[in-house]
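Chain and residue survey
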Amino acid sequence: MSVIFAVLFSQLNVIVSVAGVAVGVDFGAISTRVAVVMRDGGLPYLHPNALGARSMPSLIGFGDRGERLVGERADMAACISCVFHGARDLLGLPATAMTRAWGYAFFKYNLTTVPERRTPLLVSLTGKNFLPEEVGAMLLKEAVKDFAGEAAGQAGGPRVAVAVPPQWTQRRRQALIDACNIAGLNLTSIISDHAAAALQYGVEQPLRKGERRRTVLIVGLGATSGYAAIVRYSAYTAKVNPGGRGRPSAAVSVPYIAVKRIAWEEGVGGWHMDALLAKHLAGQAEAGGACSAAPSPAGGCIGPRAMSRLLAAARKAREVLSVNTEAAAQVTDLVPGRDFSTTVTRAQFEDLAREIVERAAKPAARVLRSYPAGIDAIELVGGASRTPLFQALLRQAVSAATGRDLPLGRHVNTDEAVALGAALRAANVTAAVKDGRAPPRAALQDISPFTLGGRRQRRARPRRRRHPGLEDRFHRQRHARP
Ligand SMILES: Nc1ncnc2c1ncn2[C@@H]1O[C@H](COP(=O)(O)OP(=O)(O)OP(=O)(O)O)[C@@H](O)[C@H]1O
Ligand SMILES: [Mg+2]
């Protein structure tokens, strides 16, 4: 059923007067990022963790003595069957979702089904079994603790907004709410990736003087999926009372950010490209005689451990291929006593990944077709949007749909925009906002073809609606689900 979800976003300026801290989490399939707004206000920022990193791999594992390994430490775990990869994408989905969402059975922990709940159970080799909500809770808790630092320790905890891909249904979002409850997080809002990115773009590229409106195509490509959203930036005049009491006394111009169209494609992210390249490298290694030292009875010798190392090498090579025309892929001791080394060219990679990349560019073509009013600019977000073939196909799609050759904008931080936008959203849901003490500065209207909005979200909405900037805005997406 197609219904209505609205993210109210008003009073961006509240971040300068926010009473408590707010945290935005970009809960990615591969990496999780956390942006923070401190008690004394200011724009959100990403704090490096103890390792100096600004993102954390979305991995949970268990060491020999059963100790919990999170992020980088799980990535380095000796036992690859004890590490849960891709657990985020099991939230609220049946056990078969792992193959559906990721497409490849590269992950070596087992999944079973809890019959009474019909949800998957992640089974690690150490004998520890977890529901996806429990794994999600561990990840979110650790990420917030790791990155929000001082913020996480404050009484009541920081207010948290979590960004998830636009295709997440109510059921998946409810599973995320459950995970946040298990983690003890003060979840105030779940925001879609494109809406968070749109907010951050609005902060970094506000309308210029005399510019009445701007329509931007925001295109995201992450590790597992891609989306395209048409977002219109404009402004309206609102009467506000800066003091929060009595009648409205001042008129201010409120930026208004409206998502007009959204479309997505699953199974087309950087991870899927890595999987293709890793399979290609495995074929090369076997053809090069890697298995002569240690053949397996089933033929070939590239087991799970070797494959996971090839995946890591493929990812490195693919990322380098975004700037160079060739890259080395090397794995020391791929199989006992055999190193593997080869060179991959960009042309080879593009031949392998063309089908995936073509699908990744489709959401943009879809939204443009359904929005005849046209666009003024394009903005890219998500790590895999750096892929040159993706950029070329995207430009082709835009030029075919609009007849214009628009440049691909990179005004926001490609990797961090979603976390920063989510933190803005979290900062918005404060007592100051609810009491209407701060004047409205921006409103965001999002759309979704799904029924959305959890209990926590409804509670988080302001009850009293004093001026337009505080109204919940509901909107129905006019085109069918992509
Ligand atoms: N220079 C680059 N060229 C190509 N791909 C890159 C580059 N840098 C990062 N990536 C890819 O971007 C992906 C990670 O992007 P991002 O952090 O946006 O994904 P995510 O949020 O974890 O996943 P999702 O959005 O699907 O949930 C990885 O697949 C990574 O290899
Ligand atoms: Mg992402």
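Look up: the structure comes first, before these words.
The sections below set out a description of the structure shown in this document. On a predicted model such as this, the values are computed, not experimentally measured, just so you know. (Residues numbered from 1 in each chain as written. Chains lettered and ligands numbered in written order. Predicted model: local features only at pLDDT ≥ 70, side-chain atom pairs only at ≥ 80, totals over all residues. Heavy atoms only, no water.)

Right, let's get into the overall build of the protein chain. A count of helices and strands for the protein chain gives 13 helices and 20 strands. Of all 482 residues assigned to the protein chain, the portion counted as buried reaches 57%. Sequence separation of 24 or more characterises 71% of the internal contacts of the protein chain that already satisfy a separation of 6 or more. Of the roughly 20,000 Å² that the protein chain leaves accessible, carbon and sulfur atoms contribute 50%. (Helix = DSSP H or I, 4+ residues; strand = E, 2+ residues; numbered from the N terminus. Buried < 20%, exposed > 50% of the residue type's maximum accessible area, 1.4 Å probe, protein only. Contact = heavy atoms within 4.5 Å. Areas by Shrake-Rupley, 256 points an atom, 1.4 Å probe, with all protein chains shown as cover.)

Its place among the elements puts Asp-89 in the loop between strand E7 (83-84) and helix H2 (97-102). Within the structure, the side chain of Asp-89 is placed 2.8 Å from the side chain of Arg-88, a separation counted as a polar contact. (Polar contact = N/O pair within 3.5 Å; in protein donor to acceptor, adjacent residues only side chain to side chain.)

This part covers unusual backbone geometry. Residue Asp-333 is not a glycine yet carries a positive backbone phi of 55°. Within the secondary structure, Asp-333 is located in strand E16 (residues 326-335).

Further remarks concern the pattern of salt bridges. Going through the model one piece at a time under the given rule, you end up with twelve salt bridges. Of the charged contacts in the structure, one is a salt bridge between Arg-366 and Glu-265, with a shortest N-O distance of 2.6 Å. Linking Arg-366 in helix H9 (residues 362-369) with Glu-265 in strand E15 (residues 250-266), this pair joins segments that are 101 residues apart in sequence. Classification of Arg-366 as partly exposed rests on a relative accessible area of 23%. Overlapping salt bridges, with partners in common, bring together Arg-88, Asp-89 and Arg-172 in one network. (Salt bridge = Lys/Arg side-chain N within 4 Å of Asp/Glu carboxyl O.)

Looking now at the packing of aromatic side chains. Scanning the entire structure with this criterion turns up three aromatic pairs. Measuring from centroid to centroid gives 5.2 Å for Tyr-201 and Tyr-233, while their planes differ by 50°, and the two rings are tilted. Residue Tyr-201 is located in helix H5 (residues 193-204), and its partner Tyr-233 is located in strand E14 (residues 225-240); the two are separated by 32 residues in the primary sequence. Across this residue pair, the class does not change: Tyr-201 and Tyr-233 are buried. Summarising the aromatic geometry, the rings of Tyr-236 and Tyr-256 are spaced 5.8 Å apart at their centres and angled 80° between planes, so their arrangement reads as edge-to-face. (Phe/Tyr/Trp six-rings, centres within 6.5 Å; stacked < 30°, edge-to-face > 60°.)

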